[in-house]
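Given next are the chains, with one letter for each unit.
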Amino acid sequence: MLVGTNLLAEGQGDAISVEKIIRHPAYVGEDFDNDIALIKLSRAPTVPFKTIQVPDAEFGDQLDTPGVRTVVTGWGLIEGAQRTAEMRQAEIQMLSRENCNEVMLDSCAKAASEGIAYAASAFGLKQPEAEAVWQELISHVRTPLIFERPCMYRWKPCLQIAS
Amino acid sequence: MREVPDLSYTQLVQAAAQRMQSKAGQAVQTPDVEGPMADTPVFGGDAPGVSRIAVAGQTLMAGLLDDVTANSTLDVSSADPTHRVVWTGDRLALVGRDGVLDGQGAGASPRLGAGEADVLATRLTQVAGRIRLERALAQLGQGSRIGGFSLPSSKPGAAFKLQTGETGPQQRCAKPSGQRVDAKGKATASHCDMLQVTLKNPAAGMVDMTVLYIHADSAISMLWPSQDLSNRLESGAKATRAAEAEQADSAGRVIGGEIADSGAWPSQVALLIAGQPVTPDAQFCGGSMILDTWVLTAARCIHMADANGVYRDLNP
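All figures in this text were calculated on a predicted structure; none of them were measured in a lab.

Scanning chain B for helices and strands turns up 3 helices and 20 strands. Looking at chain B as a whole, 19% of its 316 residues qualify as buried. Considering only contacts within chain B whose residues lie at least 6 apart along the sequence, 44% involve residues at least 24 apart.

This is the structure in structure tokens:
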């Protein structure tokens, strides 16, 4: 665990080993629910740091309202796959799970409809023919899309066509 | 090219053709030139004292600019020019739509090649940039209409409001207090006016939107998103941004947020792979200090699939 630095480099901050890890017992590998854990450090950091105040249930609900703007910080991958040594921050907006599901399904549907549109232009299909192909395609989708609930789980393929 | 002051168009094209052939190493389609301009000099001959732009009396003798006499005006851009270029007799100068040279006093109109901040050269570059952007956007619009088939969905929209501002002391803008008026079609904003844009995304999907503000002098700046933030508009989201008209700062967009100030997030910690040197490659997750020796993190950071696909907690 590296504490008290923006920069991931040797000699920066205080590197502390981990003594214990406590995971939320209801967390299962692929799900977004109960995605929380505690880590106990072997000692307190010797560099300056601050603690956050964990919001109580009421304040947590206020923060969890769709549209609330919040800042995320960290060192994740940027611009696709590049790692960053410097801590970054970005402003995001909270999204309800329902909304998230809709958005994911919509983007899946958009990708599919763009594919159909491309195929239609490549084969010179007319509007009614293209719509017939679309109807044919969605009639082969295994489960109703709404039950897939993509924001409950990790990434899943957009359409599963039954052969 | 620079060494031949009276280079003609024919010579220029021949030189280009030779270069193309020597580079390709075989017969290539080569450009050709013909017509009444073919043997006129590109840079206007070798008149003494002027290397690239030759002048005879008050007339410009420079290829396509031939016969431009004092106070002849040239359009900088063909579509509704806000600025024109005039020949002053010794230099090219930039004037307003009215074509009046030095309307604000002697030497007020910027001259080409005059002074360190060559205003005219900057403006010409900006106009060129604007024209390129407009062409690129026009092409983009054509490309998106493939197939003509799409699912019915509501489209995101942008609305503009204009609030008249006042110029305070020392040309600084006072806080605008007037009524906000819907700006539709061709609205004219003057210095210090506040332009407000409201974006709405009623669609079920998120959209990426960028709203550019093109200044009267063709400089381009961004109204949405604000600097360094994402241009993504979530489903059902509404965003408002206001900008002072003619405020000439150009903002760039950074994907992936911005670099945080040192010490700005003192509770943020990094989870690193034990025993590896401290580098970005060793980092795999983040967390927050909640007590002296306790860190809050996500369960997915410490509970993941092993090589056999079995989910396990990491060992401390």
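Turning our eyes to something else, we now look at the overall build of chain A. Scanning chain A from terminus to terminus reveals 3 helices and 6 strands. Starting at the N terminus, the α and β elements of chain A follow one another as β-β-β-β-α-β-β-α-α. For chain A, the residues scored as buried account for 16% of the 163 residues in total.

A few words on the interface of chain A and chain B. The partner chain B presents 60 residues to the 67 residues of chain A that form the contact. Those elements that place two or more of their residues in the side of chain A that touches chain B are β1 (2–3), β3 (18–23), β4 (37–41), β5 (69–74), β6 (88–93), α2 (97–123) and α3 (127–139) of chain A. Broken down by element, the side of chain A that touches chain B gets its largest block of residues, 13 residues, from α2 of chain A. Within the side of chain A that touches chain B, the residues separate by chemical class into 32 nonpolar, 19 polar and 16 charged. Relative to strand β18 (residues 294–297) of chain B, β4 of chain A is paired through 4 bridges, and the arrangement is antiparallel. Across the sheet, the residue bridging to Leu38 of chain A is Leu296 of chain B, located in β18 of chain B.

One can find Trp134 of chain A in helix α3. On a C-alpha basis, the gap between Trp134 of chain A and Ile116 of chain A in space is 7.0 Å, while along the polypeptide they are 18 residues apart.

Our focus in this paragraph is the nonpolar core. Considering soluble globular proteins, one finds that nonpolar side chains tend to be buried as a cluster. With 21 residues, the main nonpolar core has Met1, Leu2 and Val3 of chain A together with Val269, Ala270 and Val295 of chain B as its most contacted residues. Elements with a contribution of two residues or more to this core: β1 and β4 of chain A together with β16 (268–272), β17 (283–291) and α3 (299–302) of chain B. Discounting residues that sit within four places of it in the chain, Val3 of chain A has contacts with Gly13, Asp14, Ile16, Pro45, Val47 and Phe49 of chain A together with Val269 and Met289 of chain B. Among the nonpolar cores identified, the runner-up in size contains 10 residues, and Val85, Val86, Trp87 and Leu94 of chain B belong to it.

For the rest of this paragraph, the subject is the confidence of the model for chain A. Residue and element names in this part refer to chain A. On average, residues of chain A score 77 in pLDDT, and 79% of them are at 70 or above. pLDDT under 50 marks residues 153–157. Its contacts with residues more than four places away, or in other chains, come to 6 contacts. Below pLDDT 50 for its whole length, residues 159–163 participates in 9 contacts with residues either more than four positions away or in separate chains.

Conventions used here
- Residues numbered from 1 in each chain as written.
- Chains lettered and ligands numbered in written order.
- Predicted model: local features only at pLDDT ≥ 70, side-chain atom pairs only at ≥ 80, totals over all residues.
- Helix = DSSP H or I, 4+ residues; strand = E, 2+ residues; numbered from the N terminus.
- Buried ≥ 20, exposed ≤ 12 C-beta atoms within 10 Å, placed from the backbone.
- Contact = placed C-beta atoms within 7 Å.
- Nonpolar A, V, L, I, M, F, W, Y, C, P; charged D, E, K, R; others polar.
- Pairing = 2+ DSSP bridges.
- Core = buried A, V, L, I, M, F, W, Y, C linked by C-beta atoms within 7 Å.
- pLDDT = per-residue confidence, 0-100.

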